[in-house]
Structure formats: C-alpha cells, structure tokens
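Chains, contacts and geometry: an overview
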Amino acid sequence: MKLLSEFALLNLGNLICCLGLSLIAPFYPTYAQKFDVTGSLLGLIFGINPIGGMLSSLIVGKILNNNNQTNLLSLGMLIQSIGLFCYPLLTLTTDRTIFITISLLGRFISGFGSQTFLTPLYAAIPQKYPESVDQKMAIAEFFSSFGFLCGPVIGSLLYTLGGFSFPFILFASCSVIIAIILKLNIGKSGQKTIVQNSEPILNEQYNINYQSESILQNELVETSIGYTQLIKLFPVISSLLIMLALCITFTFYSPISSLYFEEQFSVPPENVGYYMAATPLAYSIGALIISRISINKPRAIFSGMIFVTISQFFMGPDPIMNIDPRVYITVSAQFSYGLFSAPPYILVLPYITEKLEQKFKKSDHEKCISLASGLFNAVISAGECLGPIISGGMAEFFTFQRACSFLGLYLVLTTLLFFPNLLISKKKYQKAQVKSYQENL
C-alpha cells in the first residue's frame, strides 16, 4: 500500500509537470507575434525547452541512485516552477530583445526541471515494480498524455479568464507545492527505512553488508558501464531512434499547428487548444489499453509505427494526394497518430531495460536502468528540441501539408530500421521452444 500511494504521488507530480509544459501551446504563438517572433525564431523558443531537458537527463541518469532519488524529484519540480515564473515577466516589457531572452530562459529552465523530475520517475518504475513494468509504465504515460491533453485546453481557458500571466503563475505554484509534498512524504518514508535497517557494528570486518558493498563496488569499477556501451547495442539504438522520430513528429506541430488551424480553418485562438487535444486524448486511450493487456513488445512497437506513419501523411494532407484540406481530416489523423503512438512510446523503455538485463549481470541491473532512463529521456528531449526547430525552419520554405509528407517519409525509414528486432525476437522465441521441448523429452 505504501508503494501504491507513492506511485500515485509521483504520477500527480508527472501530471502537473506535463500540464505546465503544454499549456503554452495555444496562446503563446499569437502573443509572440506582437513582438515579431515567428517562423524559425518561434521554433527555437519552443525547441530550447528540451535542450535543457536533454542536458538534465544525461546528468541525472549518471548520478542517480536510491539515496538521491527523492531529492532529485523535488528539485526537478522546483526548477520547473522557476521557469514558469519567468513568463509573467514578459508582460512587463515592450522590448523585443528582452522578450526573446526571457522566453528562451524560461523555456530552458522549465525543460531542465521537468527532466530532472521525469528521469528518476522512469528509473523507479522497473526497480520498484519489476513484475508489472509495462502496466506501470502505461499508467505513468497516461498521466503524461493526460497532462499534454488538458494542458492546451486548460491553457486556453485560463488565458481567457485571467490573461497571459495567470496560467503560468497557477502551475508554477502547484509545482512548488508538489515539490514540498514529495520531499516530506517520500523522503520521510525513506529515512524510516534506513533507521529500521541500521544496526551498530563493532568492527567493519564482521559487517557482511560492508564486505558485500566493497565487492560490488570493485565489480562496478571493473565493468564501468556507461552510455557508450548501451548505444552500441542494436536493440537500444534502434529503439531510441523510434522515440526520437515520435517526439520530433509530435512536437513538430507545437509552434505552427495553432497558426495552421487559425489560417486554414479560421479557428479562433481561444478554441485552438480543443483541436490540438485530439492527439493527447487518443494517446491517453492507447495508454489505458496498453495498461490492461500483455503484448509482444517489438511487434507492438513495429505495428504502432506503421499506423503512425500512415496517419502522418494525412495530417495535411499533401496536395499530391488530391485531397482538399478539411479540419475533420487533420483532427482524425491527429487522433489516429496519438492512438497508435502509445504502444511504441510506452514499450520502448521496458524493451530496452529487458534487453539490458539479458546482456549484463544482475549486479549491474540498477546502473543499467538508471542509464537507460537517462538515455530515454535525453532522446525525448532531443526530439522535442528538433521538432519545433524543424517546423519553424520548414515553414519558411514549405507549406504545412508538404512538411507533413516529409515527416512521413522520415517515419518510414525509422520503422524499417527497427524491423530486425522482430527477427531477433523470433529467433530467441524459437530457441526457447526448442529448449523447452528438449527438457520435456
């Protein structure tokens, strides 16, 4: 029951974190136009957020352990709140340079803080719930997607009620409150566990725990597992490329989708958030489905990517397809994209940790999980960085419809690159069947 309440608290922080990140999408681009911030510059402002996240993920993944996990979770929420508190300052200036500087700073700090929280969160799931990793990961992703779903809608609503600053002040305050609760609740339970398990030892040579820790430290020094060893493995790198492609295509629409709805379909700015909610809504549904079933990971990832790729070509759609742009076509494609992106997005990290546990010895599993979580979140941040930058740059040379087609071709290549994992999984399954048959004989 203690772990369940802790898991619920972590997901509450996950929800607040994702709400704070996504509420900016529907109204900031329109507000930024007053300062002539458009195109590639707007993409850079949106893209600087995951640059901070990528830096944070790699650092946290390297230093993360059971002793500092709670501190990092609380610290992440506090740092994100500082980034959110930067945005109300934008209303106090009329200078374009100051506006851009504060926007970049706020986005960078928010991204750094969010991944400081999310990296230990995703590392804790396989460590604390080894028997139900897929289901717990799906639940965590449900709260993430629900946050991204409600973020634009809540952002539009709060913007209408209280103006530009109100959404940021509200969620920055919520982040501070969650940080305090995390520190008091999880930190206190961790201290109790340490006190209960500690016993006075007269001499270290008679301390079995001390001797085993020394041996373990020597083993870790010998193996010296790092990011380089992990990315050399084909299942790891091919899975991370899937995540990169998903995050690029998902965040590609953050700065320009709202403008596309306004210009192409005459949707008012205060209503854009409802249309942009189609993808996270569908993803939430997909996450709930994944949490209820057990499926073959590589097959589910590959199948999901096939449907994601098809959906991508209908986002516009491209004039080559001879289909006139309609709001229901674009929204349906976004919904389909969100629904079928759930299997690859949720199962990639469990698939990577599963392969690492097969590759490395048991004493290295905790280190592998921390490093895998760091890589996973760093790749997410990299994709979230590249998506808005690419969209801003492509908007200056191509139409929205043509840009969607280019991303579809990119997804085709990434999906084909992952295909060998199905063959590897099939061979291992056949070997297991042969071994089982021989044992029965």
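What you see is a predicted model, and the numbers here were worked out from it, not measured in a lab.

1. Some thoughts on the confidence of the model for the chain
- Per-residue pLDDT for the chain has a mean of 81; in total, 85% of the residues score no lower than 70.
- In the model of the chain, helix α8 (residues 208–223) stands out as the element of lowest mean pLDDT, 44, in contrast to helix α14 (residues 297–313), which has the highest, 94.
- Within the model, pLDDT remains below 50 along residues 190–223, and this stretch shows 12 contacts once partners closer than five positions in the same chain are excluded.

2. A word on the environment of Ile169
- Along the polypeptide, Ile169 turns up in helix α7 (residues 166–197).
- On the basis of relative accessible area, Ile169 is assigned to the partly exposed category, the value being 36%.
- When neighbours within four sequence positions are excluded, Ile169 is seen to be in contact with Phe85 and Pro88.

3. Here's the deal with the side chain of Thr249
- Within the fold, Thr249 resides in helix α10 (residues 234–251).
- For Thr249, the side chain forms a polar contact with the main-chain oxygen of Ala245, separated by 2.9 Å.
- Of note is the side chain of Thr249, whose polar atom sits 2.9 Å from the backbone oxygen of Leu246.
- Look past the residues within four positions of Thr249 in its chain and what remains in contact with it is Gln312, Tyr337, Leu407 and Leu411.

4. Some thoughts on the layout of surface pockets
- Roughly 270 Å³ of internal volume is contained in the second largest pocket.
- In this structure, the second largest pocket is lined by 16 residues; those nearest its centre are Ile256, Leu259, Glu263, Ala395 and Phe400.
- The set of elements that each furnish at least two residues to the lining of the second largest pocket consists of α3 (39–63), α11 (257–265), α16 (365–395) and α17 (400–418).
- The residue makeup of the lining of the second largest pocket, split by class, is 10 nonpolar, five polar and one charged.

5. Structural notes on α14
- Over its 17 residues, α14 extends 25 Å from the first C-alpha to the last, a length consistent with the 24 Å expected when each residue adds 1.5 Å.
- Along α14, the residues classified as buried are Lys297, Pro298, Ala300, Ile301, Phe302, Gly304, Met305, Val308, Thr309, Ser311 and Gln312.
- Near the N-terminus of α14, the side chain that reaches the backbone nitrogen of Arg299, with its oxygen 3.0 Å away, is that of Asn296.

6. Some thoughts on unusual backbone geometry
- Look at the link from Gly316 to Pro317: it is a cis peptide, with omega at -15 degrees.
- For Asn322, which is not glycine, the phi dihedral falls at a positive 55 degrees.
- Take Asn322: it is sitting in the loop between α14 and α15 (327–359).
- Exposure remark for Asn322: the relative accessible area of 71% places this residue in the exposed category.

Each value, and the rule that gives it
Residues numbered from 1 in each chain as written. Predicted model: local features only at pLDDT ≥ 70, side-chain atom pairs only at ≥ 80, totals over all residues. Heavy atoms only, no water. pLDDT = per-residue confidence, 0-100. Helix = DSSP H or I, 4+ residues; strand = E, 2+ residues; numbered from the N terminus. Contact = heavy atoms within 4.5 Å. Buried < 20%, exposed > 50% of the residue type's maximum accessible area, 1.4 Å probe, protein only. Polar contact = N/O pair within 3.5 Å; in protein donor to acceptor, adjacent residues only side chain to side chain. 1 Å grid on protein atoms, 1.4 Å probe; cavity = no way out; pocket = protein on both sides within 12 Å on 5 of 7 lines; lining within 4 Å. Points joined across faces, edges and corners; volume = space filled by probe spheres on them. Nonpolar A, V, L, I, M, F, W, Y, C, P; charged D, E, K, R; others polar. Expected span 1.5 Å × (residues − 1).

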